[in-house]
Amino acid sequence: LGVEGLIWPYQALAMFPLVAGSVNLNLYQPQREGNFRVFALWTAMTPVVGLFLLGILLLIFDDWRIGLFLVIGTQAFAALNSHFLAKRRWQLGADGVFMRRALKFGLPLMLNSLLLYAILNGDRLIVSNQLGLEALAFISLALGMAQVPVGLFAKVHQTMFLPKLARAQDDDAAFERPMILAFESRMVMAIFAALLLSILGPDLVRLIYGEKYGAIG
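Every value quoted in this text rests on a predicted model; they were computed, and no experiment measured them.

A.B. asks: Could you give an account of helix α6 (residues 133-167), with specific residues and numbers?
C.D. replies: Turn by turn, an α-helix covers 3.6 residues, leaving residues three or four places apart pointing in a common direction. Between its terminal C-alpha atoms α6 stretches 48 Å, which fits the 51 Å expected from 35 residues at 1.5 Å a residue. Where α6 bends most, at Phe161, the angle is about 35°, and the proline Pro163 comes one to four residues later. Packing partners of the buried residues in α6 comprise α5 (96-130) and α7 (172-209).

A.B. asks: Could you give an account of the packing of helix α3 (residues 37-60) against helix α4 (residues 65-85), naming the residues involved and the relevant values?
C.D. replies: With their axes 9 Å apart at the nearest point, α3 and α4 run at an angle of 145° to one another. Both α3 and α4 take part in a crossing whose hand is right-handed. In contact with Val38, Leu41, Trp42, Met45, Thr46, Val49, Gly50, Leu53, Leu54, Leu57 and Leu58 of α3, α4 contributes Ile66, Phe69, Leu70, Gly73, Thr74, Phe77, Ala78, Asn81, Ser82 and Leu85.

A.B. asks: Lay out the packing of α6 against α7 in plain terms, naming residues and giving numbers.
C.D. replies: The description of two helices packed together rests on the angle between their axes and the distance between the axes. Two numbers describe how α6 lies on α7: the axes approach to 9 Å, and their chain directions differ by 155°. The orientation of α6 with respect to α7, classified from their angle, is roughly antiparallel. Here α6 and α7 pass one another in a crossing that is right-handed. A breakdown of the residues in the contact of α6 with α7 according to their chemical character gives 22 nonpolar, two polar and one charged.

A.B. asks: Please provide a residue-by-residue account of a negative patch on the surface, values included.
C.D. replies: Together, Asp170, Asp171, Asp172 and Glu176 line one region of the surface with negative charge. Among the secondary structure elements, Asp172 is positioned in helix α7. According to the relative accessible area criterion, Asp172 is exposed, its value standing at 66%.

A.B. asks: Mind laying out the environment of Ala194, listing which residues take part and the relevant values?
C.D. replies: Relative to the assigned elements, Ala194 resides in helix α7. Residue classification places Ala194 among the partly exposed positions, given a relative accessible area of 40%.

A.B. asks: Describe in detail a nonpolar patch on the surface, supporting the description with residues and values.
C.D. replies: A surface patch of nonpolar side chains, about 990 Å² in accessible area, is lined by Ile191, Phe192, Leu195, Leu196, Ile199, Leu200, Leu204, Leu207, Ile208 and Tyr209. Given the relative accessible area of 47%, Phe192 is considered partly exposed.

A.B. asks: Run through the pattern of salt bridges, naming residues and quoting values.
C.D. replies: Any two side chains of opposite charge can pair if their charged atoms end up close together. Summed over the entire model, instances satisfying the criterion amount to one salt bridge. Between Arg65 and Asp63 there is a salt bridge, with the nearest N and O atoms lying 3.1 Å from each other. The class for Arg65 is partly exposed, based on a relative accessible area of 28%.

A.B. asks: Give me the side chain of Thr46: which residues, what numbers.
C.D. replies: Looking at where Thr46 falls in the secondary structure, it is placed in helix α3. A residue is classified by how much of its surface remains accessible, and Thr46, at 13% relative accessible area, is buried. Leave out the neighbours within four places in its chain, and Thr46 touches Thr74, Phe77 and Ala78.

A.B. asks: Let's hear about the environment of Ile119: which residues, and what values?
C.D. replies: On the secondary structure map, Ile119 appears in helix α5. Residue classification places Ile119 among the exposed residues on the basis of a relative accessible area of 58%. Each C-alpha atom of the pair Ile119 and Asp63 lies 31 Å from the other, and the pair is 56 residues apart in sequence.

A.B. asks: Explain α3 to me, using residue names and the numbers behind them.
C.D. replies: Compared with an ideal rise of 1.5 Å per residue, which puts 24 residues at 34 Å, α3 spans 35 Å between its outermost C-alpha atoms and is within 8% of the ideal. Burial in α3 covers these residues: Phe39, Trp42, Thr46, Gly50 and Leu57. Buried positions along α3 lie against α4 and α6.

A.B. asks: Mind laying out the nonpolar core, listing which residues take part and the relevant values?
C.D. replies: Counting residues in hydrophobic clusters, the biggest one holds seven residues: Val23, Leu27, Phe39, Trp42, Ala78, Ala79 and Ala86. Secondary structure elements with two or more residues in this core: α3 and α4. Beyond its immediate stretch of four places on either side in the chain, Trp42 contacts Val23, Leu27, Tyr28, Ala78, Asn81, Ser82 and Leu85.

A.B. asks: An account of the side chain of Thr74 is needed here, citing residue identities and associated values.
C.D. replies: On the secondary structure map, Thr74 appears in helix α4. The exposure class of Thr74 is buried, given its relative accessible area of 17%. Those residues in contact with Thr74 that lie beyond four places of it in its chain are Thr46, Gly50, Leu53 and Phe69.

Here is what the cut-offs are and how they apply
Residues numbered from 1 in each chain as written. Predicted model: local features only at pLDDT ≥ 70, side-chain atom pairs only at ≥ 80, totals over all residues. Heavy atoms only, no water. Helix = DSSP H or I, 4+ residues; strand = E, 2+ residues; numbered from the N terminus. Expected span 1.5 Å × (residues − 1). Bend = angle between axes of the 7 residues up to and from the residue. Contact = heavy atoms within 4.5 Å. Axes fitted to C-alpha atoms, helices over the stretch in contact; angles between N-to-C directions. Left-handed = near helix turned anticlockwise from the far one by under 90°. Parallel < 35°, antiparallel > 145°, perpendicular 65-115°, else oblique. Nonpolar A, V, L, I, M, F, W, Y, C, P; charged D, E, K, R; others polar. Patch = residues over 30% accessible without salt bridge, like charges linked within 9 Å, V, L, I, M, F, W, Y side chains within 5 Å. Areas by Shrake-Rupley, 256 points an atom, 1.4 Å probe, with all protein chains shown as cover. Salt bridge = Lys/Arg side-chain N within 4 Å of Asp/Glu carboxyl O. Lys, Arg positive; Asp, Glu negative; His and termini not counted. Charge placed at Lys NZ, Arg CZ, Asp CG, Glu CD. Buried < 20%, exposed > 50% of the residue type's maximum accessible area, 1.4 Å probe, protein only. Core = buried A, V, L, I, M, F, W, Y, C linked by side-chain atoms within 4.5 Å.

In structure tokens, the structure reads:
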């Protein structure tokens, strides 16, 4: 593509999973007992610091480097801050039994994630290849408008029901009620999100992105 000088940003972004993987997962453990205070504080501090960092970067750069350093810097702060807020100390270790259990549990989820990635990004590859970057921008904007509220609802739903389902997983009778409630509430949220986007979608696109993208609504 003739962009040899821009290889280093992609190399920098390759460090993102490593930084994200260093987050202290002890932040999630209190959620099993319905305690979300520490996790809520962690998630609230990260975008605030990101906004502050954005202001600094705007004073230094005026190009794509703003986005690059913002993504990496925000994630680095989130990882570092997780170690200050977590109660248990993070440390490296190896446990063969635990790793085998994790692989047995996680491999099907990994395959599912690969399929989701293909579904969510396969159409973008086809659009960009056949119709160009302008069409890709329209498609990405429309998908992004739908994914943000749906992703928010899904995260809240998972946080509420996953601990209850995990505690009752060995008791069929106790598992059935929260499972049905989780399924029904998920359907209600999906219907609500679809109606909300159908009614307010065009106006939200114009409000956020301007009249140039009004046709996407």
